[in-house]
Amino acid sequence: MPRPIRATISAGALAHNLMVAKAYASGARLWAVIKANAYGHGLERAARALEAADGYALLDFQEAARLRVAGIDRPLLMLEGFFKPADVALLHKYALTPVIHNSEQVEMLRLAALPGEIDVYLKVNSGMNRLGFTVDSLRPAYNAIRLHPQVRNITLMTHFADADGAGGVKAQLDWFNELTKPFEAGQRSLANSAALIAFPETRADWVRPGIMLYGCSPFSDRSAASLGLKPAMTLGSEIIATQHLQPGERIGYGFSYEAVGEMTIGVVACGYADGYPRHAPSGTPVLVNGKRARIVGRVSMDMLCVDISDIPEAYIGTPVTLWGEGLSADEVAAAAGTLSYELLCALAARVPVSEVA
Ligand SMILES: Cc1ncc(COP(=O)(O)O)c(C=O)c1O
């Protein structure tokens with residue numbers, strides 16, 4: 001028998017969350033962001049469940065090729081464009097829309113003899129200072145791409161650094177509008193999940209939600225459930241051993257947790273080699289047989305310990321939910337000092353994945 005840990009992906013939840021995103025988009029077209037193996041959910045699986053999207057955004061050429069091999073013919077937006085001249089040939093082969101964000105890419109494109117037409121996104125650095133052109137470089141890049149005989153449409157895009165935080169989008173949005181004012185024609189794409197939900201003025205022609213499609217909230221103060229989102233990934237396992245502790249006895253590596261009274265501990269087959277955050281402290285929530293409990297002591301490679309003193313029926317074989325249905329990954333992530341993005345993407349390859357409708 002394999003270890004009892006498994007991740008379950010709900011195709012229905014993915015499809016539902018897409019409908020929620022589409023409602024926010026109110027008519028704007030939607031790239032479903034499925035980079036990083038669809039935030040850990042499985043590339044082809046997520047693409048199929050999200051088939052009502054207008055296209056998919058990702059960044060790995062091998063993943064793009066896999067989608068084409070799987071028969072997925074929707075537009076594909078390559079969020080980091082291309083990396084080497086050899087990649088440029090793949091743009092037409094796989095009908096990819098690259099995001100062009102630096103002058104080296106402009107030059108690679110200029111020198112390439114494309115066998116047919118492609119669409120291009122041109123990324124504007126509106127203040128995040130990660131990718132994109134700004135004041136001096138935007139016009140030359142635009143002109144060079146415009147002159148390319150095989151470039152059909154140019155869409156101007158940017159990305160927000162703090163749509164989910166106190167900074168909001170105003171400064172970046174104003175700067176983007178200022179920079180792109182001279183470029184009347186063409187479409188625009190700005191919004192990630194947080195901007196899509198919180199800032200209707202960023203919706204433009206194409207929105208690019210990621211995290212909300214997977215049923216997590218981009219905001220620390222608004223739950224996914226309050227946004228109408230359903231968890232798409234549930235990470236579950238089982239208790240594989242129990243221990244009865246007397247006051248003063250300690251648990252796990254570093255003896256970091258000491259029993260204050262008599263306690264019963266359930267040892268769960270899930271550790272950091274499965275993708276559970278090693279830095280999750282004592283107190284991080286889990287569900288044992290559907291009831292809330294908390295982890296105690298350090299997370300080890302293959303196991304973690306849970307206080308099951310108040311769950312008398314808990315024994316070897318009792319199901320444990322690490323996150324997902326009934327326990328938001330956002331809440332677990334917050335307890336562990338990280339984001340649900342990281343938990344979902346970190347799901348380890350050794351965890352078997354199954355799909356439910
Ligand atoms: C350029 C770009 N657009 C959209 C997204 C989706 O963001 P989110 O998952 O916060 O909705 C990302 C993700 O990092 C991104 O890099």
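Residues numbered from 1 in each chain as written. Predicted model: local features only at pLDDT ≥ 70, side-chain atom pairs only at ≥ 80, totals over all residues.

(A) Main features of the overall build of the protein chain. When its secondary structure is counted, the protein chain shows 11 helices and 18 strands. For the protein chain, the C-alpha atoms occupy an extent of roughly 75 × 40 × 35 Å along the three principal directions. Taking all 357 residues of the protein chain together, the buried fraction comes to 46%. Within the protein chain, residue pairs in contact and separated by at least 24 positions form 62% of the contacts whose partners lie at least 6 positions apart. (Helix = DSSP H or I, 4+ residues; strand = E, 2+ residues; numbered from the N terminus. Buried ≥ 20, exposed ≤ 12 C-beta atoms within 10 Å, placed from the backbone. Contact = placed C-beta atoms within 7 Å.)

(B) Quick peek at the pairing of strand E17 (residues 319–323). Most of E17 sits inside the fold, with four of its five residues counted as buried. Examined bridge by bridge, strand E10 (residues 233–245) and E17 share four bridges and lie antiparallel to one another. The residue of E17 that forms the bridge with Gly236 is Thr321. Direction of pairing for strand E14 (residues 285–288) relative to E17: antiparallel, over a ladder of two bridges. Counterpart to Leu287 in the pairing with E17 is Thr321. (Pairing = 2+ DSSP bridges.)

(C) Summary view of the domain arrangement of the protein chain. For the protein chain, the domain assignment lists domain 1 (11–216) and domain 2 (233–356). For domain 1 versus domain 2, the distance between C-alpha centres works out to 37 Å. Each residue belonging to the side of domain 1 that touches domain 2 can be placed in one class, and the counts come to six nonpolar, three polar and one charged. (Domains from an automatic or database assignment. Nonpolar A, V, L, I, M, F, W, Y, C, P; charged D, E, K, R; others polar.)

(D) Layout of the environment of Ala70. The residue Ala70 is located in the loop between helix H4 (61–69) and strand E4 (76–78) in this model. Classification of Ala70 by C-beta neighbours within 10 Å gives partly exposed; the count is 13. It is 31 Å that separates the C-alpha atoms of Ala70 and Arg110, two residues lying 40 residues apart in sequence.

(E) The arrangement of the nonpolar core in detail. Ala32, Ile34, Tyr56 and Val306 are the most contacted members of the largest nonpolar core, which has 115 residues in total. Beyond its immediate chain neighbours, meaning those up to four positions away, Tyr56 contacts Trp31, Ala32, Ile34, Ala47, Leu67, Arg74 and Leu76. (Core = buried A, V, L, I, M, F, W, Y, C linked by C-beta atoms within 7 Å.)

(F) Representation of unusual backbone geometry within the structure. Phi is positive for Ser26, which is not a glycine, with a value near 30°. Considering the arrangement of structural elements, one finds Ser26 in the loop between helix H1 (11–25) and strand E2 (29–33). Although it is not a glycine, Ala204 adopts a positive phi angle of roughly 50°. Mapping Ala204 onto the fold places it in the loop between helix H9 (193–198) and strand E9 (206–207).

(G) Highlighting H4. If you check which residues of H4 are buried, you get Phe61, Glu63, Ala64 and Leu67. What you see down the axis of H4 is that its buried residues fit within an arc of 160°, all on one side. Exposed and oriented more than 90 degrees from the buried face of H4 are Gln62 and Val69. In this structure, the buried side of H4 is in contact with helix H3 (43–49), strand E3 (55–58), E4, helix H5 (85–93) and strand E5 (96–100). Downstream of H4 by a residue or two, Gly71 has a phi angle that is positive, lying close to 85°. (Arc of directions from axis to C-beta.)

(H) Representation of the packing of helix H6 (residues 103–111) against helix H7 (residues 135–147). Running from amino to carboxyl end, H6 crosses H7 at an angle of 15°, the nearest separation of the two axes being 10 Å. Here H7 runs roughly parallel to H6, going by the angle between their axes. Two packed elements cross with a definite hand, and for H6 against H7 that hand is left-handed. Where H6 approaches H7, its residues Ser103, Val106, Leu109 and Arg110 are matched on the opposing element by Ser137, Ala141, Ala144 and Ile145. For the contact of H6 with H7, the residue count by class is five nonpolar, two polar and one charged. (Axes fitted to C-alpha atoms, helices over the stretch in contact; angles between N-to-C directions. Parallel < 35°, antiparallel > 145°, perpendicular 65-115°, else oblique. Left-handed = near helix turned anticlockwise from the far one by under 90°.)

(I) Seen up close, the pairing of strand E6 (residues 118–123). Burial runs high along E6: five of the six residues are buried. Sheet analysis places E5 next to E6, joined by two bridges and oriented parallel. Residue Val99 lies in a different strand from E6, and its bridge partner there is Tyr121. Handedness of the crossover is the feature at issue here: the chain leaves E5, passes through H6, returns alongside E6, and the resulting connection is right-handed. In terms of strand pairing, E6 meets strand E7 (residues 151–157) through five bridges, oriented parallel. Counted as the bridge partner of Val120 is Ile154 from E7. A crossover links E6 with its parallel partner E7, the connecting element being H7, and its sense is right-handed. (Right-handed = clockwise from strand over helix to strand, strands pointing away.)

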